[in-house]
Amino acid sequence: MVRNIVILTGAGISAESGVPTFRAADGLWEGHRVEDVATPEAFRRNPALVQTFYDQRRAFLGQVVPNAAHLALARLEAQWRERGLGEFLLVTQNVDDLHDRAGHNRLLHMHGELNSALCTACGAARPWRGPLIDDPACPACQRSGSLRPDIVWFGEMPYHMDAIGDALSRCDLFVSIGTSGAVYPAAGFVQWAKDAGARTLELNLEPSAGTPMFDEARHGPAGTLVPAWVEEMLGAL
Ligand code: NAD
């Protein structure tokens, strides 16, 4: 009997909403090399390029909506809570806000959020909807020119690792959805869950680098696979 569930999602779950994934066949993120837009060095070298890149991604969120996979996970969490079945934690590597808009109670953005700005002067993170390119003042310390995207770049420490580790150590089901299994530490969560005795399931468009680690893998689009799996879970209650 499953009680405690941890779900990890990646860019693949948002693909059918129209948000491009990270690793397209050409290895570029929307036409940019990762080294040019997703590292602290890139930001130091060319802050305008990096701010513009994330300003565009943030503005684009207004053009997309949660898809059937996001909505199904929100349904699953609601049922898990309403019926007091156990713990439910959704961990996302995504920086979009589609899980937030689908409606979740326990959702952790381990790689940060487009809709948040981080002050490099005072360390405060605050909700942010507009552009950062024009160096607005930090809402917390009022300093200008100190805000950066609240995104965990390569070489930086992901957020919420203690809470994620605790949940993984107590889970009896771990499900990975729409992630290539190439970015650590998230790619290692399946092993943490297995060490805790959990059953592990992968739902991804195609076999990923991590597929051999999972007890079961189902391949196809998240918009089809995830609602079917959620119905299966709820039907078994
Ligand atoms: P990734 O792009 O490396 O991998 C995406 C995975 O999703 C691939 O395995 C691919 O086969 C699969 N996929 C593609 N379309 C799918 C679909 N319709 N249904 C199911 N699976 C599908 O992404 P990642 O593993 O999340 O790691 C990349 C990093 O890029 C993350 O840290 C994330 O912060 C960042 N990122 C986020 C977004 C977003 O917020 N939506 C978008 C691009 C990149």
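Preceding block: the structure.
Conventions and cut-offs
- Residues numbered from 1 in each chain as written.
- Predicted model: local features only at pLDDT ≥ 70, side-chain atom pairs only at ≥ 80, totals over all residues.
- Heavy atoms only, no water.
- Pairing = 2+ DSSP bridges.
- Helix = DSSP H or I, 4+ residues; strand = E, 2+ residues; numbered from the N terminus.
- Axes fitted to C-alpha atoms, helices over the stretch in contact; angles between N-to-C directions.
- Contact = heavy atoms within 4.5 Å.
- Parallel < 35°, antiparallel > 145°, perpendicular 65-115°, else oblique.
- Left-handed = near helix turned anticlockwise from the far one by under 90°.
- Nonpolar A, V, L, I, M, F, W, Y, C, P; charged D, E, K, R; others polar.
- Near = heavy atom within 4 Å.
- Polar contact = N/O pair within 3.5 Å; in protein donor to acceptor, adjacent residues only side chain to side chain.
- Areas by Shrake-Rupley, 256 points an atom, 1.4 Å probe, with all protein chains shown as cover.
- Expected span 1.5 Å × (residues − 1).

(A) How the structure looks around the sheet that holds strand 4 (residues 112–119). Read across the open sheet, the 3 strands follow the order 5-4-6; overall the sheet is antiparallel. One side of each edge strand has no neighbouring strand; the edge strands of this open sheet are strand 5 (125–127) and strand 6 (147–151). Between one strand and the next, the sheet's axes are offset by a mean angle of 45°, whatever the strand orientation. The pairing of strand 4 with strand 5 spans 3 bridges and is antiparallel. Note that in strand 5 the partner of Leu118 across the bridge is Ala125. Sitting on the sheet, helix 3 (residues 47–60) touches strand 4 and strand 6, and the angle it makes with strand 6 is about 55°.

(B) The arrangement of the packing of helix 4 (residues 68–82) against helix 8 (residues 222–235) in detail. Their axes nearest at 7 Å, the elements helix 4 and helix 8 cross at an angle of 20°. If you check the angle between helix 4 and helix 8, you find them roughly parallel. Of the two elements, helix 4 crosses helix 8, and the hand of that crossing is left-handed. Together, Ala68, Ala69, Ala72, Leu73, Arg75, Leu76, Gln79 and Trp80 of helix 4 and Ala222, Gly223, Val226, Pro227, Trp229, Val230, Glu231, Met233 and Leu234 of helix 8 make up the contact between the two elements. Looking at the contact of helix 4 with helix 8 residue by residue, the classes come out as 13 nonpolar, 2 polar and 2 charged.

(C) Expanded view of the site of the ligand. Surveying the vicinity of the ligand reveals 27 residues, the closest of which are Gln93, Val95, Asp96, His111 and Thr179. With respect to the ligand, the backbone of Ala11 contributes an N or O atom lying 2.8 Å from an oxygen atom. When the ligand is considered free in solution it has 850 Å² of accessible area, and contact with the protein chains removes 92% of it. Class assignment for the residues of the shell around the ligand results in 11 nonpolar, 12 polar and 4 charged.

(D) Structural context of helix 4. If you check helix 4, its first and last C-alpha atoms are 21 Å apart, about what 15 residues at 1.5 Å a residue would give, namely 21 Å. Against the buried residues of helix 4 lie strand 1 (5–9), strand 2 (88–92), helix 5 (98–102), strand 7 (173–177) and helix 8. Put simply, Asn67 is the residue that caps the front of helix 4, since its side-chain oxygen is 2.7 Å from the backbone nitrogen of Ala69. Backbone geometry just downstream of helix 4 places Gly84 in the positive-phi region, at approximately 60°.

(E) Here's a closer look at the sheet that holds strand 3 (residues 107–109). Read from one edge of the open sheet, 6 strands run 3-2-1-7-8-9, paired in parallel fashion. Of all the strands in the sheet, the pair left with one neighbour each is strand 3 and strand 9 (216–219). Neighbour-to-neighbour, the strand axes of the sheet open up by a mean angle of 15°, direction not taken into account. Relative to strand 9, strand 8 (residues 199–204) runs parallel, the two sharing 4 bridges. Bridge assignment links Asn204 to a residue of strand 9, and that residue is His219.

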